[in-house]
Amino acid sequence: MIAESMYQELILEHYKHPQGRGLREPYDAEVHHVNPTCGDEITLRVKVESGKVADVSYEGQGCSISQAAASVLHELAAGSTVVDSLAVVDEFTRLMQGRGTVQADEEVLGDAVAFAGVAKFPARVKCALLAWMAYKDAVVRSS
Amino acid sequence: MDGLDVERIRKDFPVLSRELPGGRPLIYLDSGNSSQKPVQVIEAMRDHLSMHYSNVGRAHHALGAESTEAYENARDKIAAFIGAPSRDEVIFTKNASEAINLVAYAFGNPLNTDERFRLGPGDEIVITEMEHHSNIVPWQFAAQRSGATLRWFGVTDEGRLDLSNLDELVNERTKVVAFAHQSNVLGTVNSISPILARARQVGALVLLDSSQAVPHKPVDVAELGVDFIAFTGHKMVGPSGIGVLWGKAELLDAMPPFLGGGEMIEAVWMDRSTFAPAPHKFEAGTPPIVEAIGLGVAVDYLTDVGMPAIKEWEHQLTGYALQALSEISGLRVIGPRSVVSRGGTVSFTLKTPGGFDIHPHDVGQILDDVFGIAVRVGHHCARPLHLRFGIPATTRASLYLYNTTDEIDALVRGLHHVQKVFG
Ligand SMILES: Cc1ncc(COP(=O)(O)O)c(C=O)c1O
């Protein structure tokens, strides 16, 4: 029952009921990222207003991990400051790339700690990171 | 079910009795991707490496002679296995992909003056929408190099080739038609004769990608009547790193070498070379010696079991699998739902009973991690086919001689569990 720990209730909840899904106007930057090994895709837009993330909107297709990660990202980033949200991205990336040995900082990550189990599956880490890397890229382009 | 003693066969494949971490038994339903190897093949390769190994063709000593004999002996076995009129028509390549590239390279090549291989603007290459990327990309290259046009047969909703426009698609401008003997996604066994007959009418050459056919049923090239077939060792209980191109001798003679190097020459001057006759013309450099020998033993193994018996066993398993899978609500088979002209490759999409799509990567992950069931997920190197069906990916179970109905039952239980996780 190894994988079962990867499919946390919270991940499945976000997969079935994605938050903030859909592409919205206005936006400062739009990016399109693909995971070529499995074909998962995301198109993501950000709107920044005086240091605050006014909106993160997205559309994509892929497995439960990639789609739930986008939904959680939306929840954490939208309404936060750019600086804070990038700190969350960094912590999430550290957790995902830690091969299951990194202790997650729940204070920083909030719901995103549910993905801790994914770090043990190298093939799925890219799925979890897809939306988050797209977000980081979009923020850079918006400035 | 008689004809094939599956329990005895399973004992020949050491990996089938191993346990995965967590005490899961292995249920291997991914032979369409690559098959497992019997102890006979493993031992023969080990024996050759331990006691007989040397380079082939060029080493003039006892080991050189033994290696060369074993390597060429493998060629004889494969020639007999596919009914090749001559052993010199069997070319060892790295895999099926290389075999197809080798043929595609001969078209529109200035080194090749044979009219049948002339390819330029206005000429056409015909493939199909159900091809593996290995039988698409080399023809895209040939079209790009030569200015020829690439065209393709469509696929029906049932997963059969749409031959309704055969006469228009294969026409006076067509130089070559290349298509799958059996689809690696749909399981469809294509009917060759109508396409071949039309190709002959218009003077086009025909290549069959037999990667998914040669492992599973008797194949006789003389009976098929096509010009080339390509297949790959690792899908037919042989090792990876070895594939085969069979071609008619007079066509191989007309074709230019694909790769240049040692052993493919007759004589070399500083500014030019002449070439060895086929097959050596197409086998530049030190070949995969032990892999070829392993493939020879794989062919012995399949022959001992009997290709008709393997075909019949897979036919029964496929019928059982299609029936069992059809009882899962929310499961949609992509490909023929009956066993008629169909092999044991079953691809499908899965929803929860509530109608929620479960992504194949999630299906595969849970089958693997909870039940030890190995299936393939994704587009299986046939992206255009998946686009045709409007889906990004499928889950694919592919059966072989060592699979059992118990394993299919396990798959069905696994899929019910997946539905529960996402339900
Ligand atoms: C129909 C078909 N053609 C070609 C190939 C390519 O085989 P290989 O990767 O050994 O070149 C495969 C297998 O992957 C296949 O299923």
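Definitions and limits used
Residues numbered from 1 in each chain as written. Chains lettered and ligands numbered in written order. Predicted model: local features only at pLDDT ≥ 70, side-chain atom pairs only at ≥ 80, totals over all residues. Heavy atoms only, no water. Helix = DSSP H or I, 4+ residues; strand = E, 2+ residues; numbered from the N terminus. Rg over C-alpha atoms; globule rule 2.2 N^0.38 Å. Contact = heavy atoms within 4.5 Å. Areas by Shrake-Rupley, 256 points an atom, 1.4 Å probe, with all protein chains shown as cover. Lys, Arg positive; Asp, Glu negative; His and termini not counted. Charge placed at Lys NZ, Arg CZ, Asp CG, Glu CD. Buried < 20%, exposed > 50% of the residue type's maximum accessible area, 1.4 Å probe, protein only. Axes fitted to C-alpha atoms, helices over the stretch in contact; angles between N-to-C directions. Parallel < 35°, antiparallel > 145°, perpendicular 65-115°, else oblique. Left-handed = near helix turned anticlockwise from the far one by under 90°. Nonpolar A, V, L, I, M, F, W, Y, C, P; charged D, E, K, R; others polar. UniProt positions renumbered as here; feature names shortened; annotations may be inferred. Near = heavy atom within 4 Å. Polar contact = N/O pair within 3.5 Å; in protein donor to acceptor, adjacent residues only side chain to side chain. Salt bridge = Lys/Arg side-chain N within 4 Å of Asp/Glu carboxyl O. 1 Å grid on protein atoms, 1.4 Å probe; cavity = no way out; pocket = protein on both sides within 12 Å on 5 of 7 lines; lining within 4 Å. Points joined across faces, edges and corners; volume = space filled by probe spheres on them. Pairing = 2+ DSSP bridges. Buried area = accessible area lost by both parts, 1.4 Å probe.

### Some thoughts on the overall build of chain B
In step 1: Scanning chain B from N- to C-terminus turns up 14 helices and 18 strands.
In step 2: At 22 Å, chain B has a C-alpha radius of gyration in line with the 22 Å of a compact globule built from 423 residues.
In step 3: Along the three orthogonal principal directions, the C-alpha set of chain B runs to about 70 × 55 × 35 Å.
In step 4: Intrachain contacts of chain B at a sequence separation of at least 6 include 71% that bridge at least 24 residues.
In step 5: As displayed, chain B has an accessible area near 16,400 Å², and 53% of this comes from carbon and sulfur atoms.
In step 6: Put simply, chain B has 37 plus and 50 minus side-chain charges, and the middle of one group is 5 Å from the middle of the other.

### Structural notes on the overall build of chain A
In step 1: The helix and strand tally for chain A stands at 5 helices and 3 strands.
In step 2: Start at the N end of chain A and walk to the C end: the helices and strands fall as α-β-β-β-α-α-α-α.
In step 3: The C-alpha atoms of chain A give a radius of gyration of 14 Å, which matches the 15 Å a tight globule of 143 residues would have.
In step 4: Overall size of chain A, expressed as C-alpha extent along the three principal axes, is 45 × 30 × 25 Å.
In step 5: The 143 residues of chain A split such that 49% are buried.

### Points about the packing of helix α3 (residues 82-96) of chain A against helix α5 (residues 122-142) of chain A
Residue and element names in this part refer to chain A.
In step 1: Running from N to C, α3 and α5 point in directions that differ by 155°, and their axes come no closer than 10 Å. Looking at the two axes, α3 sits roughly antiparallel to α5. For the element pair α3 and α5, the recorded crossing hand is left-handed. Counting all contacts with α3, which are made through Val82, Ser85, Leu86, Val88, Val89, Asp90, Phe92, Thr93 and Met96, the residues of α5 involved are Val125, Ala128, Leu129, Trp132, Met133, Tyr135, Lys136 and Val139.
In step 2: The class makeup of the residues in the contact of α3 with α5 is 13 nonpolar, 2 polar and 2 charged.

### Remarks on the UniProt feature "domain: NIF system FeS cluster assembly NifU N-terminal" (unreviewed entry) in chain A
In step 1: Residues annotated in UniProt with the feature "domain: NIF system FeS cluster assembly NifU N-terminal" (unreviewed entry) correspond here to residues 6-127 of chain A.
In step 2: Strand forms 22% of residues 6-127 of chain A and helix 39%; the C-alpha atoms that close the span are 12 Å apart.

### Structural notes on the site of the ligand
Residues and elements named next belong to chain B.
In step 1: As a matter of local geometry, the ligand sits amid Asn95, Ala96, Ser97, His132, Ser134, Asn184, Asp209, Ser211, Gln212, Thr232, His234 and Lys235.
In step 2: Between an oxygen atom of the ligand and a side-chain N or O atom of Gln212, the distance comes to 2.7 Å.
In step 3: In the complex, the protein chains occlude 89% of the 390 Å² of accessible area that the ligand would expose alone.
In step 4: Partitioned by chemical class, the residues of the shell around the ligand number 1 nonpolar, 9 polar and 2 charged.

### Focus on the side chain of B:Lys281
Residue and element names in this part refer to chain B.
In step 1: Summarising the element assignment, Lys281 is placed in the loop between β12 (273-275) and α10 (289-305).
In step 2: Buried Lys281, no salt bridge; nearest opposite-charge side chain is Asp253, N-O distance 5.3 Å.
In step 3: For Lys281, the contacting residues outside a window of four places in its chain are Leu252, Asp253, Met255, Pro257, Leu259, Met264, Phe275 and Ala276.

### Brief notes about empty space enclosed by the protein
In step 1: Counted by the stated rule, this structure contains 3 cavities of 30 Å³ or more.
In step 2: Looking at the largest cavity, its volume works out to about 50 Å³.
In step 3: Lining the largest cavity we find B:Leu29, B:Ala321, B:Leu325, B:Val346, B:Ala397, B:Leu399, B:Ile408 and B:Leu411.
In step 4: When the residues that make up the lining of the largest cavity are grouped by side-chain class, the tally is 8 nonpolar, no polar and no charged.
In step 5: Looking at the second largest cavity, its volume works out to about 40 Å³.
In step 6: Around the second largest cavity, the lining residues are A:Leu73, A:Leu76, A:Ala77, A:Ser85, A:Val88, A:Val89, A:Trp132 and A:Tyr135.
In step 7: Residues belonging to the lining of the second largest cavity are distributed by class as follows: 7 nonpolar, 1 polar and no charged.

### A few points about the pairing of strand β1 (residues 29-35) of chain A
Residue and element names in this part refer to chain A.
In step 1: Alignment of β1 against strand β2 (residues 40-49), held across 7 bridges, turns out to be antiparallel. Bridged to Ala29 within β2 is Val46.
In step 2: The loop that links β1 with its antiparallel partner β2 comprises 4 residues; one of these, Gly39, has a positive phi angle of about 85°.

### Describing the UniProt feature "domain: Aminotransferase class V" (unreviewed entry) in chain B
In step 1: Under the present numbering, the feature "domain: Aminotransferase class V" (unreviewed entry) in UniProt falls on residues 27-411 of chain B.
In step 2: Across residues 27-411 of chain B, the secondary structure splits into 37% helix and 18% strand, with the terminal C-alpha atoms separated by 9 Å.

### Description of the interface of chain B and chain A
In step 1: Facing the 15 residues of chain B at the interface are 18 residues of chain A.
In step 2: Surface buried jointly by chain B and chain A totals about 1,400 Å² across both partners, of which 59% is contributed by carbon and sulfur atoms.
In step 3: Along the contact surface separating chain B from chain A lie 1 salt bridge.
In step 4: Between B:Asp362 and A:Arg124 there is a salt bridge; the shortest N-O distance is 3.0 Å.
In step 5: Where chain B meets chain A, there are 8 residue pairs in polar contact (both at pLDDT 80 or more).

### So, the sheet that holds β2(A)
Strand pairs in the sheet, formed through backbone hydrogen bonds, run parallel or antiparallel to each other.
All names here are of chain A.
In step 1: One open sheet accounts for 3 strands, arranged β1-β2-β3; its pairing is antiparallel. Since the sheet does not close on itself, it has two edges, and those belong to β1 and β3 (52-61), each with one partner. Pairwise comparison of adjacent strand axes, ignoring direction, gives a mean angle of 20° for this sheet.

### What about unusual backbone geometry?
In step 1: Residue A:Pro26 is bonded to the preceding A:Glu25 through a cis peptide linkage, with omega at -10°.
In step 2: Structurally, A:Pro26 is set in the loop between α1 (9-16) and β1.
In step 3: With an omega dihedral of 5°, the bond running from B:Ala278 to B:Pro279 counts as a cis peptide bond.
In step 4: Structurally, the position occupied by B:Pro279 is in the loop between β12 and α10.
In step 5: Non-glycine residue B:Val237 carries a positive phi angle of around 60°.
In step 6: For B:Glu263, which is not a glycine, the phi torsion comes out positive at approximately 75°.
In step 7: Turning to its location among the elements, B:Glu263 is positioned in the loop between α9 (249-254) and β11 (265-268).

### Some words on the layout of surface pockets
In step 1: Looking at the largest pocket, its volume works out to about 480 Å³.
In step 2: What lines the largest pocket is a set of 20 residues, and nearest its centre among them are A:Tyr15, B:Asp357, B:Ile358, B:His359 and B:Pro392.
In step 3: Elements that contribute at least two residues to the lining of the largest pocket include exactly β3 of chain A together with β14 (345-351) and β15 (357-358) of chain B.
In step 4: Element by element, the count of residues in the lining of the largest pocket is highest for β14(B), at 3 residues.

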